[in-house]
Each structure stands twice: as structure tokens, then as C-alpha cells.
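Next come the chains, spelled out residue by residue.
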Amino acid sequence: MAVTESVTGETSGGAHAAHEGILRRQSARESRARTYARALPIVPVRARGLTIEGADGRRYLDCLSGAGTLALGHNHPVVLEAIRKVLDSGAPLSVLDLATPVKDAFITELFRTLPPGLADRARVQFCGPAGTDAVEAAFKLVRAATGRTGILAFTGAYHGMTTGALAASGGAGDVRVARLPYPQDYRCPFGVGGPRGAELAARWTESVLDDPKSGVPLPAGMILEPVQGEGGVIPAPDDWLRRMRRLTADRSIPLIADEVQTGVGRTGAFWAVEHSGVTPDVMVLSKAIGGSLPLAVVVYRDDLDVWEPGAHAGTFRGNQLAMAAGTATLAHVRENALADRARLLGSHMLTQLRTLQSDFACVGDVRGRGLMIGVELVDPEGDGRTGQRAVPTSAPAPAPGLGLGLALGDSAAGLAETAGDGVCVGRRGGGAGSAGMAGGAVRGGGRGGGAGSAETAGEAVRGGGRGGAVGSAGMAGEAVRGGGRGGAVGSAGMPGAEANAAWSDGAARSGPHPAAPELASAVQRACLERGLIVELGGRHAGVVRLLPPLTITDEQATAVLDRLADAIAAVARDPAAHGVRRRRPDGREEPAG
């Protein structure tokens, strides 16, 4: 059921015609490169806080927030007041890099928020009005300071759309940047996830830097995102980030933190690097620092300030309205502890969204930090290794130590009825059977998996996931992960993380289910029908992303979660009705009809 509504209770024919006319003219006159407009056919005419009103009179809850630009939502009173004050004062609106009272106030407030260790020795360079130009400036800076040219970046990264920024992003074609593995749990490049996966990623980086035959000379800098946003909302583990700081500091490699989307309270700390206690050498800032208006800066340690006058410039780097709006936004977030609010509310929203994983097999993972949240949608019938759909076979016999239950619930019936039509089938039931288990958490099976163990110790023992099983005796250590979404582990006396290496052949073959971008697009459309604007991201555009403003209320958060859950449920019940084509076991679309 659509819950979008007209301000007057109904949409007039005239408003609808105007709405459609504007969309037609946009399609006829604007570039084919446009993106958001294709997935979100709305025409905003008014907005306040979380709410947007379209030209057709419908209202939406905006969890796109200008791709994270609107920390305080649309048209926040403190932002409007700051802008009006500058306009009414008669001050110049664009001043290149000249000093002004507005600029001085902005720098003062910005430096007040910086991580300890950087604020007292910081320099700032104002750039062109987009984050990608600030990334380019950061690269120029570290190359000038070190006399070296190479850049280290990470898989899945997104740093902008200009040449240098694209070269450091995950989709680069002509590669002039060394690419390193970014740790993640769900699609760990090493197949293990957790602390062990992060440790392997760090070891790989250290080896590349120290091996004289790695083919990677000592670089000018390393750039990373504390949370990969466009890459699928993947938070960097704090220990791994601290390890990157040590590796770079020990080798005199400037560390560049791209906080374009993560900054200004978004992740539950004013700057996302603060979760790990890391102080980078360079910070790239944009989006929310302009208070909804275009602004981008590079902040860096004073000893790096070696470039010549004019080494980086830009006509619009003196945007006074953006600086005033930015000062108001930074101060409001700081004075009202909105970062703490984002941390608490984001944790609650993640907890609520994770219940969807037990309800719908197409919800592969829910992750995020603060109010930067992602829900990854997958094809639960697909093979994680090949990306193709699995051919149904008879169910295997339970592995030794499976425990008391492979509690399928209504999963089997749902699969039998809807496997032909869709990728979001049934509900899951997990069963765990154990004796004498100790430790912080033992997670059984997930998606029909089961865990059975005796005298299991350690902070967490994770069983199988998506049909996996763990059978063990006397396992110890911080985390023993079984099979990683579809694997089975049988072991005795395995110490700690070493159990990660005990995958069965079947586990190594399967891995997480393939991403389902078509399904994610269907959920995005269903959300829009219900009056909720969300973004898509991730490696295959299979992650539904939430970036609500930090001012979102508890009631609004509940409405967002309800609408998203309802959209996922609707697409799960009838994928074909929402435009998701049937697929054959080889992954190809079945012909219509």
C-alpha cells in the first residue's frame, strides 16, 4: 500500500501534469549521465527536515539526504538564519581565497572539531566545491611533501569522479594506484571475516610495503574511508585502522582519511576516525561541512605544507554562503551532541533491521555505523562462488555435531511455492543444540543452520550461516567462525582463530550468496511507493542505503523502518509483480511469459 500523500489529501490533475511535464523535459534535455533522477522520478518543490514534498503534492521521508550532505536535514532553521544573515549584511558572496569574517569563523569552528593531535597544528586548503577536488588536492599535497608519486588505496573505495580520484576508487580502469584489500565480514576477500580477516588484510598491506619485489615502491600516501559508503556501507574495524596508522607512520607515509561522507557526526562520532582513536595526517572534507551548500577542504598537518603558491586553486573556493551555513551546522552538531544521538539511534535501527535477516532469505547482511546503514540483498538460491543459481538437490544429511535442530519453520514450504518466481523466498529458522557452552555468544546456523558443540568456550562461536553447521569439542578463542555463510566446520581442540582455517571443501566453494541488484532496485521502487527515499550502493548496487539526517526523530525512525520492512516484504512475497525477472539455474533471465 502506498503511503505517499498530497498535502490536501489528494493529488490534483494540474499538479500531476506539471510534475510529469518537468520530468519529460528533464529526460529530453539533460545528459544521459544523470543518475538519481532515473531511480527517483520525483520533482521536489518544498522540503523541511526529513520531509520532501513533490510537485505532484506527495510527501516523502528522505533517507538520501543529498548523499549525506544534509546533516541537519532540509532547510534547518539555524542554517537558513546563517545564510540570511550573510545576504542581509551586504557581504561579498564569492571572494576566491581572500580572508573574510565569515571564513575566519568557519575555520575556527572547523578546527574546534578536529581530532586531537591535528587541530593544534592544522592547515586548511579550500578547494573547488566538491569532495573529488579535495581528494585531488590531497594527492598533490602528499606528492609534493614526500617527493614520491604512488598512492595506496583499497578495494571498494569511492573517492570521486575526477581523474585522480577515480584512479584511487574501486572501479578504476587504467590503474596507477596500488590496490589493497579492505576488510569486511560478509564478503571477506580471504573468506574468513572478523578479526582474522582484518589481520590477513593488514598482513597483506604490510607485505606489499616491505617486500622489495612487490612491485609497489614506497608511496606518497595512503587514502582510505573509515566507512566505505558507495562500496556498500562497510565500516573499517577499529583495530585494522589503528594498524594502518602504525604501518604508515613507521614508514613515513602520510595517511589520508576521506571523511567526505562519514564526517560531521554521521557515524556516531564527529569524525569517523575518532572511533579508533586514529589521527590522520590529512583529512578530506566536504558534503555536510557546507551545511547543504557546496564546500570542500583539505585539512593537514603543518609540516606537509610545502607546496608553492597556486599549487592548487579554484574559482569557487570562496563560497561565503556555504561557509556560513557550514559554521552553523558544525556548531549545532557539536553543541547538541548529535553525533552521540546518531550513535544511539543508529544502533537501535541496526538492531531492528537485523530482524529482517531472520525473516527473509534475500536479506543477506545488515551493517553500518551510526546513521550510515546498509541492507544487502542477495539471491539466496545463487551459488556464492559462481554467481549462478543453485540447482535444487535433496537435502544433505546433518553434519556430526549439528545439534538438535535444523528448524526449517515455513522455509521449506515457501521455497517450494515460490522458487520459480523469485529470489526472496520463505523465512528462516535456525536451531542450536549444545551442552556446556560458555562464552559471550553462540550463534547457531542462521537461515536454517544449526550449531552443536560441547564445552565450547570463547567470546563468539558462529555457526555456519545460511545452512552451515558447526560441530566441535573444546574450541577456545575469541572467535571461531564456521564456514562463513554456507560452510561447515567439524573440529576438536582447535585454538582460537585457527579454527577459521578448518573450512570444509563445500564451505570454501559456497561463500555468501551473490548480490541481487535487480531485487535491490525493486525494493527501492517499493520504498518510493511508500513514501521513502533510499539510495543504492555496493559492488553490484545490491545494498539499500539509509543516510537520514542527524535530526531524525524516534517517531520518524520508526516510520522509516516500517516502510522499508514493508517494501522488502512486498517484494519478497511477489518478486515478479515488482519487476524482478525469473532466472534459470545458469543465472540467465527466463523469457517473459
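Preceding block: the structure.
This is a predicted model, so every value here is computed, not measured.

A. Structural detail: the overall build of the protein. Helix and strand counts for the protein stand at 15 helices and 24 strands. Residue burial in the protein is summarised as follows: out of 593 residues, 52% are buried. Look at the contacts in the protein between residues 6 or more apart in sequence, and 65% of them connect residues 24 or more apart. Carbon and sulfur atoms make up 53% of the accessible area of the protein, which amounts to about 25,200 Å² in all.

B. Local environment of the packing of helix H4 (residues 77–89) against helix H10 (residues 320–335). Contact pair H4 / H10: the axes reach a minimum separation of 8 Å and the direction vectors enclose 145 degrees. H4 and H10 meet at a crossing whose hand is right-handed. Residues Val-78, Val-79, Ala-82, Ile-83, Val-86 and Leu-87 of H4 pack against Leu-321, Ala-324, Ala-325, Ala-328, Thr-329 and His-332 of H10. Taken together, the residues that form the contact of H4 with H10 break down as ten nonpolar, two polar and no charged.

C. Local environment of the sheet that holds strand S3 (residues 59–62). What the four strands build is an open sheet, ordered S1-S2-S3-S22; its pairing is mixed. Only two strands of the sheet have a single partner each, and these edge strands are strand S1 (44–48) and strand S22 (532–533). Here four bridges tie S1 to strand S2 (residues 51–54), and the two strands are oriented antiparallel to one another. Paired with Arg-48 across the two strands is Thr-51, which belongs to S2.

D. Examining unusual backbone geometry more closely. Residues other than glycine seldom take positive phi values, yet Ser-292 does so here, at roughly 100 degrees. If you trace the backbone, Ser-292 turns up in the loop between strand S11 (282–285) and strand S12 (297–301). The class for Ser-292 is partly exposed, based on a relative accessible area of 34%. Backbone geometry places Ala-541, a non-glycine residue, at a positive phi of 55 degrees. Within the element layout of this structure, Ala-541 appears in the loop between strand S23 (535–537) and strand S24 (543–546).

E. Structural view of the pattern of salt bridges. Evaluation of the coordinates by the stated rule reveals 26 salt bridges. Glu-206 is the partner of Arg-243 in a salt bridge, and the nearest nitrogen-oxygen pair spans 3.2 Å. Highlighted residues: Arg-243 in helix H9 (residues 238–250) and Glu-206 in helix H8 (residues 194–210), separated in sequence by 37 residues. A relative accessible area of 17% means that Arg-243 is categorised as buried.

F. Here's a closer look at the pairing of strand S4 (residues 122–126). Most of S4 sits out of view: four of its five residues are buried. Bridge analysis of S4 against S12 gives five bridges, and the strand direction is antiparallel. Across the sheet, the residue bridging to Arg-123 is Tyr-300, located in S12.

G. Geometry of the sheet that holds S11. Strand order in this open sheet of seven strands is S4-S12-S11-S10-S7-S5-S6, and the pairing throughout is mixed. With one partner strand each, in any of the chains shown, S4 and strand S6 (178–180) form the two edges of the open sheet. Going across the sheet, the axis of each strand differs from the next one's by a mean of 20 degrees, ignoring polarity. With three bridges joining them, strand S5 (residues 151–154) and S6 adopt parallel strand pairing. Of the residues in S6, the one forming a bridge with Phe-154 is Leu-180. Of the strands in this sheet, S4, S11 and S12 touch helix H5 (residues 101–113), which is tilted by about 130 degrees from S4.

H. Here's a closer look at the packing of aromatic side chains. Evaluation of the coordinates by the stated rule reveals seven aromatic pairs. Measuring from ring centre to ring centre gives 5.3 Å for Tyr-182 and Trp-240, while their planes differ by 65 degrees; the resulting arrangement is edge-to-face. Separated by 58 residues along the polypeptide, Tyr-182 in the loop between S6 and H8 and Trp-240 in helix H9 bring together distant segments of the chain. On the accessibility criterion, Trp-240 (2% relative accessible area) is buried. Both rings, one in Phe-190 and one in Trp-204, keep their centres 6.4 Å apart while their planes meet at 50 degrees; by these two values the pair is tilted. Here Phe-190 is found in the loop between S6 and H8, whereas its partner Trp-204 is found in helix H8, with 14 residues between them in sequence. Residue classification places Phe-190 among the partly exposed positions, given a relative accessible area of 28%. Aromatic rings pair up to connect Phe-154, Tyr-182 and Trp-240 into one cluster.

I. Local environment of H4. Taking 1.5 Å of rise per residue, 13 residues should cover 18 Å, and H4 covers 18 Å from first to last C-alpha, within 8% of that figure. Turning to H4, its buried residues number three or more, namely Val-79, Ala-82, Ile-83 and Val-86. Along the axis of H4, the buried residues cluster in a sector spanning 95 degrees; they form a single face. Structural note: H4 exposes Glu-81, Lys-85, Asp-88 and Ser-89 on the side pointing more than 90 degrees away from its buried face.

J. Structural context of the pairing of S12. Burial analysis of S12 places five of its five residues in the buried class, the great majority of the element. The sheet contact formed by S11 and S12 spans four bridges and is antiparallel. Bridging from a neighbouring strand, Leu-285 pairs with Val-297 of S12.

K. Region of the structure containing helix H11 (residues 338–359). Between its first and last C-alpha atoms H11 spans 32 Å; for 22 residues at 1.5 Å apiece the expected length is 32 Å, and the two agree. The complete set of buried residues in H11 reads Leu-338, Ala-339, Ala-342, Leu-345, Gly-346, Met-349, Leu-350, Leu-353, Leu-356 and Gln-357. One side of H11 holds all its buried residues, which, seen down the axis, span an arc of 150 degrees. Turning to H11, the residues buried within the fold contact H10, strand S13 (363–369), strand S14 (372–377), S24 and helix H15 (554–573).

L. Summary view of the environment of Leu-255. If you trace the backbone, Leu-255 turns up in strand S10 (residues 255–258). By relative accessible area, Leu-255 is classed as buried at 1%. A C-alpha to C-alpha distance of 8.8 Å links Leu-255 and Thr-279, two positions 24 residues apart in sequence. When neighbours within four sequence positions are excluded, Leu-255 is seen to be in contact with Met-222, Leu-224, Arg-245, Thr-248, Val-278, Pro-280, Asp-281 and Val-282.

About the cut-offs
Residues numbered from 1 in each chain as written. Predicted model: local features only at pLDDT ≥ 70, side-chain atom pairs only at ≥ 80, totals over all residues. Heavy atoms only, no water. Helix = DSSP H or I, 4+ residues; strand = E, 2+ residues; numbered from the N terminus. Buried < 20%, exposed > 50% of the residue type's maximum accessible area, 1.4 Å probe, protein only. Contact = heavy atoms within 4.5 Å. Areas by Shrake-Rupley, 256 points an atom, 1.4 Å probe, with all protein chains shown as cover. Axes fitted to C-alpha atoms, helices over the stretch in contact; angles between N-to-C directions. Left-handed = near helix turned anticlockwise from the far one by under 90°. Nonpolar A, V, L, I, M, F, W, Y, C, P; charged D, E, K, R; others polar. Pairing = 2+ DSSP bridges. Salt bridge = Lys/Arg side-chain N within 4 Å of Asp/Glu carboxyl O. Phe/Tyr/Trp six-rings, centres within 6.5 Å; stacked < 30°, edge-to-face > 60°. Expected span 1.5 Å × (residues − 1). Arc of directions from axis to C-beta.

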